[in-house]
Amino acid sequence: MAEDRDIQVHLLPELAPAGRLAGGLAVVIDVLRCTTTIVHALAAGCTVVRPCLEIEEAQTLAGSMRAGRVLLAGERGGRMVPGFDLGNSPRDFTPRLCKGCTLVLTTSHGTRALVRAAEAERAIAAAFVNYSAICEQLRQDARPVHIVCAGTEGAVALEDTLLAGALVDFLAQVFEVKLNDAARLAWDCFENHGRILQGALEVSRGGAILRQLGYDEDIRDACQVDRFHLVPELRRDPLRVEVGAVGIVQNHWHQRGEPGA
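Note that the structure is predicted; figures quoted are calculated from it, not measured.

1. Examining the packing of aromatic side chains
So, point 1. Under the criterion given, the structure shown has zero aromatic pairs.
So, point 2. Taking the ring centre of Phe175 as reference, the NZ or CZ of Arg5 above it sits at 4.8 Å.
So, point 3. The positively charged end of Arg33 is found above the aromatic ring belonging to Tyr215, 5.0 Å away from the centroid.

2. A short note on the packing of helix α5 (residues 131-140) against helix α6 (residues 158-174)
So, point 1. In the contact formed by α5 and α6, the axes pass within 10 Å of each other and the chain directions differ by 45 degrees. What the angle tells us is that α5 and α6 run oblique. For α5 against α6, the interelement crossing comes out right-handed. Counted together, Tyr131, Ile134, Cys135, Leu138 and Arg139 of α5 and Leu163, Ala166, Leu167, Phe170, Leu171 and Val174 of α6 form the full contact between these two elements.
So, point 2. Taken together, the residues of the contact of α5 with α6 break down into 10 nonpolar, no polar and one charged.

3. Quick notes on the nonpolar core
Across soluble globular proteins, nonpolar side chains have a tendency to be buried as a group.
So, point 1. Among the nonpolar cores identified, the biggest contains 43 residues, and Val9, Val27, Ile147, Leu163, Leu167 and Leu201 are the most heavily contacted of them.
So, point 2. Here the element with the most residues in this core is α6; it accounts for eight residues.
So, point 3. Once you skip the residues sitting within four places of it in the chain, Leu201 turns out to touch Val31, Leu32, Phe128, Glu159, Leu162, Gly207, Ile219, Ala222 and Cys223.
So, point 4. Counting residues in hydrophobic clusters, the runner-up holds 33 residues, among them Val49, Ala113, Ala123 and Val148.

4. Some remarks on the pattern of salt bridges
So, point 1. For the structure on display, the rule yields 14 salt bridges.
So, point 2. Its salt-bridge partner being Arg91, residue Asp221 comes within 2.8 Å of it at the nearest N-O pair. You can see Asp221 sitting in helix α10 (residues 216-222) and its partner Arg91 sitting in the loop between β5 (79-80) and α3 (95-98), a full 130 residues away along the chain.
So, point 3. Assessed through its relative accessible area of 1%, Asp221 is described here as buried.
So, point 4. Salt bridges here are not isolated pairs; linked through shared partners, they connect Glu121, Arg122, Asp141, Arg143, Glu233, Arg235, Arg240 and Glu242.

5. With respect to the pairing of strand β8 (residues 145-149)
So, point 1. Within β8, five of the five residues are buried, leaving the element largely enclosed by the surrounding structure.
So, point 2. Residues Val145, Ile147 and Cys149 of β8 are buried on one face, and the alternating residues His146 and Val148, pointing to the opposite face, are buried as well.
So, point 3. Sheet topology note: the strand β1 (residues 5-10)/β8 ladder contains four bridges and is parallel. Of the residues in β8, the one forming a bridge with His10 is Val148.
So, point 4. Bridging between strand β2 (residues 25-29) and β8 involves five bridges; their strand directions are parallel. For Val27, the partnering residue across the bridge sits in β8 and is Ile147.

6. As for the packing of α6 against helix α7 (residues 181-193)
So, point 1. Put simply, α6 and α7 touch, their axes get as near as 7 Å, and they point 100 degrees apart. In this view, α6 runs roughly perpendicular relative to α7, as classed from their interaxial angle. Residues Leu158, Thr161, Leu162, Ala164, Gly165, Ala166, Val168, Asp169 and Ala172 of α6 form the contact with α7, whose participating residues are Ala183, Ala186, Trp187, Cys189, Phe190, Glu191 and His193.
So, point 2. Of the residues contributing to the contact of α6 with α7, the split by class is 11 nonpolar, three polar and two charged.

Basis of the calculations
- Residues numbered from 1 in each chain as written.
- Predicted model: local features only at pLDDT ≥ 70, side-chain atom pairs only at ≥ 80, totals over all residues.
- Heavy atoms only, no water.
- Phe/Tyr/Trp six-rings, centres within 6.5 Å; stacked < 30°, edge-to-face > 60°.
- Lys NZ or Arg CZ within 6 Å of the ring centre and 35° of its normal.
- Axes fitted to C-alpha atoms, helices over the stretch in contact; angles between N-to-C directions.
- Helix = DSSP H or I, 4+ residues; strand = E, 2+ residues; numbered from the N terminus.
- Parallel < 35°, antiparallel > 145°, perpendicular 65-115°, else oblique.
- Left-handed = near helix turned anticlockwise from the far one by under 90°.
- Contact = heavy atoms within 4.5 Å.
- Nonpolar A, V, L, I, M, F, W, Y, C, P; charged D, E, K, R; others polar.
- Core = buried A, V, L, I, M, F, W, Y, C linked by side-chain atoms within 4.5 Å.
- Buried < 20%, exposed > 50% of the residue type's maximum accessible area, 1.4 Å probe, protein only.
- Salt bridge = Lys/Arg side-chain N within 4 Å of Asp/Glu carboxyl O.
- Pairing = 2+ DSSP bridges.

In structure tokens:
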């Protein structure tokens, strides 16, 4: 008899103790907006995303690469960093700007979660916009799953927890699963809010911040389930995110009763 699939959710990166992710498959989530933006950027033609923790680190890295095509993007407090090429709005990453470019990206929360996930044996970036593609990878990869949520301002984020719960829901239908308490909480969150996806994102703390700043369209973009069929994957030496898998996949969202409808 096959062993239960080990699924752990970490509602903030710091809630995953050092060494916990080693040997596993980490799924990094920052719905509003880092992982959503990374999917958009790679789909628009960026060849690689270089995540940076600090503004100065990003500026230095981008400056060292000016001989090639590079975009410097990021935010603090939701707003574009002064002097950067772009902020963190997914729709700004168009094919005209992105094709053939390296994206140097620093955000308040998401890039920190990506760097934390480098401890895992494999790490991928998830958003609602590539939900089913992520599900396919989780089905195929037998490693223990660690879903790492970025959070907002050091607190648990509703939108990240909701996506984590959607992934737990998928896995629970495919495998016998062994869940930690955070995974069960996320699953309950999905059961309660999965059918009102945009409304849930709008009332979240992250959504409220974006609405105050006039970024309502970013929330709508983040709700477009399965807009893309690519999986961003973290590579090392140097730390970077590239397209790890792409292709037409089965739509797993609608199989579950269309909760996003």
